[in-house]
Amino acid sequence: MAKTYDYLFKLLLIGDSGVGKTSILFRFSEDAFNISFISTIGIDFKIRTIDLDGKKVKLQIWDTAGQERFRTITTAYYRGSMGIMLVYDVTNEKSFENIKNWIRNIEENASADVEKMILGNKCDLDAKRQVSKERGEQLAVEYQIKFVETSAKDSLNVEFAFYTLARDIKAKMEKKQEASNPPGGRTGAHQLRANEQQRKPTSWLSRCSVL
Amino acid sequence: MSCSSVEDIPEQCKDLFTQDGVLLKASIGRSISDLNSIGMLCIVQNSDGTKCIEWRPNDLITIDSDTQDQEWAVVNTIGRRQRTLSGNMTSDYAAARARIIRIPLDELKTFKCSRNNQQMQFSTKQGVWQNTFYFQHGNAEIFVAYLKNHVKTAKTRHDRNTYVVVEPNIESQVLNRSFAELDIFTENTTDVVWNLVSNFKQRPYETTLEAFSKLTDIVYYGNEGMNGKRDVSEEVAELLTKSMSALEDTTTVTRTDEYEVINVKPTLPPRPCIPRGTPLSTEKWEGLQDPEGRVTEIDGVRQLIFRGGVAHSIRNSVWKYLLDYHPWRMTDAEIKILQKRKTEEYFSMKLQWRSMTDGQESRFSEYRDRKSLVEKDVNRTDRTHPFFAGDNNPNLMVLQDILMTYVMYNFDLGYVQGMSDILAPLLLLLGNEVDTFWCFVGFMEKIASNFDMDQAGMKQQLVNLQQLLTFASPELAKHLASKDSGNMYFCFRWLLVWFKREFSHRDIMRLWEVLWTGLPCANFHLFICVAILDSEKDVLISKDYGFTEILKHVNDLSMCLDVDRILSTAEGIYHQIISAPHLSDQIRIILGIPTVGSRPEPEPEPEPQTSQTNGNVETDPGQTDMEEVTLEYNGLQISIVTKTVWALLA
């Protein structure tokens, strides 16, 4: 069977229970939001193929159960992931504090060069906010990780986040390829479709903070 | 070493053991073109009584269509196989025959297992491995076990995988005895199979149980028993089973892979199709209670529920017994008192957290964490069901109150994701907060290990599931292992919340009440997993699903499963396994039945009514009309079908 994509990236969503990992994924894969989501038990994944600078990039995004107790199982799925979204809930202080623990968890279980990004989700719920955007930015600086506040409900910055992470992975990958091969080696032989609606990542830059 | 003298092959000889899918990797004196061809490795008894190990390339093997069912072609133990060597011998055929490798057992000096038990090497001369075979299906474990039945071996000191033949051509005592016993009973003319067929229509379940283990043995030990001339009596069947079981300890060969614990066993008996029954009705339920309200036929009730579930109208009452809230033997009056006490206990625990002030809470992080988890999950539990749908639904408050009270009941365990899934159907059915709480406590008792802090209970179940699947469906287990899915993590959700996410509320009630009976063995929920996987086997294998596709496929089965069909299949698989002559201790432990090692020596039975069954279902042979079949596990005699139950079923 011919491939319909140029790259396959395995991404992972992690973070405390109830921060909105599944909602973010649902927003990105189905462009929808459901207030009455069920909690994730075990592990699941969704697929979306995006167009990135003329390349078809298939994103396989893994969604995990958040509760600490299940980590021994969920960390088994860290292996091979190329990008990780660390998600916290801006209305939940504890979930923000735990980002540090999640980073440690990544260091222990994922490959060292995995691309990371921190997402402060539920930024539409301003009245309930416990974690300011500045604190999120500060944490990101501390760990040298990109950061953006998102709202799966209002479809804010979710696309941007995945595109950014995917682009970073692609850049890293191509850099590695160039290092090992002379440039121009890829012919794009697997590319079959090119008519997917072009999304415009640049338009999001104005309403998010990227470090 | 006489490897290839074609003319020596007798036209008719007996295959004592055959193993398909064995690759010839190396053979001294053979041309390279002979290597890497697939064939069958056998232990053959020649017409003169001598034995040899024989490897036949696949293109030589012809299937005798009328006697060989594919299912049974893998191992046709002791069955007599006509070899179709006579007649039109083409040159190809002759060439293939020339490729047969024969290693007489009285010349065999040493043999060795390696490469995760998948490779076997033989030597008839010290220091030279003349032949090397690779087992594509499973591994050499079973072959070694059978071989050791025919040659006396000792393990070498420096390498526990190398066996030195001490005294060639000596059969194990136990097997000899078995065959001797078998001959004694040749004159018995009862046709077990015919009885099975004729009784099946009238009494399907009982008949199946009664005859199944016998049928197993007949099929397993060759078709002599099938022609109506001979019955393998239960004593013989038992003896044979034991002689096979005695091999168990010799089959344990090095295990390098954590999940490669059980290895492929040759055959399982055919799977009986056991129909589901009708649900326990109001009349039957009332008929099983005495005037004071005590349940008189506890085992009977359990069996009826196992067979058909509970009629919806009486679930509210019956579930309280199944979930150990109401003791079976209590009178109505006693239950009233109990309920009063339990209600008080519930509200006192509820008051404990209800009376917590904001200040207290702010200084009590462990409590706060638990409360936060509960709130998050309650808000996303079954919200599409009308009972829990909509904003400010009061039933969500009840869910929350029960879970918070449970936090106080078992603070150390606290709240773990999945608990709200377990609770929701209980509240939906029972309606009452206090009853629901205590039934939830009872359910949690049954699945407490699912929520261990270190997830040890879940991991153990996943390992057990893998072992069970390997025994029941080795081909699928092998496929999963080859796709990096041998840890069975893709079944995590099934096990954690007992399939709650896979079925509708209506179906989950049926499944759970059946599982709560604890019948027919421990860990029957694992058989549910095996049944589902078995029904997906063809898809998973034929489409060559990999790691991600397996997970996706399994996750997508949610709400597409037929609960009655799965229960029926699971029970069928249970009977296949429990009747398997090669039932290993590992599986026995999962099923909660005595292991071979712990089994008391057979001795004259003091009570003729009770037979030592060790999991095999038997009737007392002295009383053919007796309508009671007993199954023993955990030292308990469990009555499978009593007269009372059959009267009620009718």
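Residues numbered from 1 in each chain as written. Chains lettered and ligands numbered in written order. Predicted model: local features only at pLDDT ≥ 70, side-chain atom pairs only at ≥ 80, totals over all residues. Heavy atoms only, no water.

Going by what an unreviewed UniProt entry lists, chain B is known as TBC1 domain family member 15 isoform X1 and is assigned to Vanessa tameamea.

Taking an unreviewed UniProt entry as the reference, chain A is identified by name as Ras-related protein Rab-8A belonging to Vanessa tameamea. Taken verbatim from the UniProt record of chain A, the Subcellular location (unreviewed entry) comment is "Endomembrane system". Its UniProt record gives chain A the following Sequence similarities (unreviewed entry) comment, quoted word for word: "Belongs to the small GTPase superfamily. Rab family." (UniProt positions renumbered as here; feature names shortened; annotations may be inferred.)

Moving on, we get to the overall build of chain A. Scanning chain A for helices and strands turns up six helices and six strands. Taken from N to C terminus, the helices and strands of chain A fall in the order β-α-β-β-α-β-α-α-β-α-β-α. Looking at chain A as a whole, 53% of its 211 residues are labelled buried. Put simply, 76% of the contacts in chain A that link residues at least 6 apart link residues at least 24 apart. Entry remark: accessible area of chain A is about 9,600 Å², with carbon and sulfur atoms responsible for 49%. (Helix = DSSP H or I, 4+ residues; strand = E, 2+ residues; numbered from the N terminus. Buried < 20%, exposed > 50% of the residue type's maximum accessible area, 1.4 Å probe, protein only. Contact = heavy atoms within 4.5 Å. Areas by Shrake-Rupley, 256 points an atom, 1.4 Å probe, with all protein chains shown as cover.)

Moving on, we come to the interface of chain A and chain B. Facing the 26 residues of chain A at the interface are 33 residues of chain B. Of all residues in chain A, the largest losses of buried area upon contact with chain B belong to Ile41, Arg69 and Ile73 of chain A, amounting jointly to 28% of the total for that side. Residues Asp369 of chain B and Lys94 of chain A are paired through a salt bridge, measuring 3.0 Å at the closest nitrogen-oxygen approach. For the pair chain A and chain B, the number of links is twelve residue pairs in polar contact (both at pLDDT 80 or more). Looking at the side of chain A that touches chain B, the elements that each hand over two or more residues are strand 2 (43–52), strand 3 (55–64) and helix 2 (71–74) of chain A. Broken down by element, the residue count for the side of chain A that touches chain B peaks at three residues, all from strand 2 of chain A. Across the side of chain A that touches chain B, the residue classes tally to eleven nonpolar, eleven polar and four charged. (Buried area = accessible area lost by both parts, 1.4 Å probe. Salt bridge = Lys/Arg side-chain N within 4 Å of Asp/Glu carboxyl O. Polar contact = N/O pair within 3.5 Å; in protein donor to acceptor, adjacent residues only side chain to side chain. Nonpolar A, V, L, I, M, F, W, Y, C, P; charged D, E, K, R; others polar.)

It is worth spelling out the pairing of strand 1 (residues 14–27) of chain B at this point. Residues and elements named next belong to chain B. With eleven of 14 residues buried, strand 1 lies mostly within the body of the structure. Examined bridge by bridge, strand 1 and strand 2 (residues 38–45) share seven bridges and lie antiparallel to one another. Its bridge partner being in strand 2, Phe17 is matched across the sheet by Ile43. (Pairing = 2+ DSSP bridges.)

The subject of this paragraph is the pattern of salt bridges. Close approach of charged atoms allows side chains of opposite charge to pair. All names here are of chain A. Counting across every chain of the model gives 41 salt bridges over all chains. One salt bridge connects Asp53 with Lys170, and the closest N-O pair in it is separated by 3.6 Å. One end of the pair, Asp53, is in the loop between strand 2 and strand 3; the other, Lys170, is in helix 6 (residues 158–180), and 117 residues separate them in sequence. Overall, the relative accessible area of 53% leaves Asp53 in the exposed class.

As summarised here, the arrangement of the six strands in space is 2-3-1-4-5-6 (chain A), forming an open sheet in which the pairing is mixed. Only two strands of the sheet have a single partner each, and these edge strands are strand 2 and strand 6 (146–149) of chain A. Ignoring which end each strand starts from, the neighbouring axes of this sheet average 25° apart. Where strand 1 (residues 7–15) of chain A and strand 4 (residues 83–89) of chain A come together, five bridges link them in parallel fashion. Within the sheet, the bridge partner assigned to Gly15 of chain A lies in strand 4 of chain A and is Val87 of chain A. Across the sheet, helix 6 of chain A touches strand 1, strand 2, strand 3, strand 4, strand 5 (115–121) and strand 6 of chain A, and the angle it forms with strand 1 of chain A is around 130°. Each of strand 2 and strand 3 of chain A touches helix 21 (residues 547–555) of chain B; the most contacted strand, strand 2 of chain A, lies at about 120° to it. (Axes fitted to C-alpha atoms, helices over the stretch in contact; angles between N-to-C directions.)

Backbone geometry follows two general trends: most residues other than glycine have a negative phi, and most peptide bonds adopt the trans configuration. The linkage connecting Leu519 of chain B with the following residue, Pro520 of chain B, adopts the cis geometry, with an omega of -5°. The phi torsion at Asp31 of chain A lies on the positive side, around 50°, for a residue other than glycine. Within the fold, Asp31 of chain A resides in the loop between helix 1 (21–30) and strand 2. At Asp382 of chain B, a residue that is not glycine, the phi angle is positive and equals roughly 50°. With respect to the helices, strands and loops of the structure, Asp382 of chain B is situated in the loop between helix 12 (365–378) and helix 13 (394–409).

So, about the packing of aromatic side chains. This structure, assessed with the given rule, holds 37 aromatic pairs over all chains. The interplanar angle of 40° and the centroid separation of 6.2 Å between the aromatic rings of Trp512 of chain B and Trp516 of chain B together place this pair among those described as tilted. On the criterion of helical spacing, the pair formed by Trp512 of chain B and Trp516 of chain B is a turn pair, its members being four residues apart in helix 19 (residues 505–516). Of the two residues, Trp512 of chain B and Trp516 of chain B, both sit in the buried class. By way of ring pairs, the aromatic residues Tyr346, Phe347, Tyr406, Tyr409, Phe437, Trp438 and Phe440 of chain B are connected into one cluster. Above the plane of the ring of Trp62 of chain A lies Lys10 of chain A, whose end atom (NZ or CZ) is 5.2 Å from the centre. The positively charged end of Lys342 of chain B is found above the aromatic ring belonging to Trp438 of chain B, 4.1 Å away from the centroid. (Phe/Tyr/Trp six-rings, centres within 6.5 Å; stacked < 30°, edge-to-face > 60°. Lys NZ or Arg CZ within 6 Å of the ring centre and 35° of its normal.)

With that settled, consider the confidence of the model for chain A. Looking at chain A, the pLDDT average stands at 86 and 85% of residues meet or exceed 70. Low confidence marks residues 185–211 of chain A, where pLDDT is under 50. Its contacts with residues over four positions away, or in another chain, come to 50 contacts. (pLDDT = per-residue confidence, 0-100.)

Now for the packing of helix 10 (residues 332–354) of chain B against helix 13 of chain B. Axes are the key here: two packed helices are described by the angle between their axes and the distance separating the axes. Residue and element names in this part refer to chain B. The N-to-C vectors of helix 10 and helix 13 enclose an angle of 95°; their axes lie 9 Å apart at closest approach. One way to sum up the angle between helix 10 and helix 13 is to call them roughly perpendicular. Contact with helix 10, carried on its side by Tyr346, Met349, Lys350, Gln352, Trp353 and Arg354, involves Asp401, Ile402, Met404, Thr405, Met408 and Tyr409 of helix 13 and no other residues of that element. Per-class residue counts for the contact of helix 10 with helix 13 are seven nonpolar, two polar and three charged. (Parallel < 35°, antiparallel > 145°, perpendicular 65-115°, else oblique.)

One finds Leu86 of chain A together with Met419, Phe499, Phe524, Phe527, Ile528 and Ile577 of chain B to be the most contacted residues of the largest nonpolar core, which totals 150 residues. Sorting elements by how many residues they give to this core places helix 20 (residues 524–542) of chain B first, with ten residues. If you count residues domain by domain, this core takes at least three from each of domain 3 (284–448) and domain 4 (456–583) of chain B. Excluding its chain neighbours within four sequence positions, the residues that come into contact with Phe527 of chain B are Leu468, Cys521, Ala570, Ile573, Tyr574, Ile577 and Leu591 of chain B. (Core = buried A, V, L, I, M, F, W, Y, C linked by side-chain atoms within 4.5 Å. Domains from an automatic or database assignment.)

Before going further, it helps to spend a moment on helix 9 (residues 312–322) of chain B. All names here are of chain B. Turning to helix 9, its buried residues number three or more, namely Ile314, Arg315, Val318, Trp319, Lys320, Tyr321 and Leu322. Along its buried surface, helix 9 packs onto helix 7 (282–287), helix 8 (298–308), helix 10, helix 14 (419–430), helix 15 (433–447) and helix 19. At the C-terminal side of helix 9, Asp324 shows a positive phi close to 60°.

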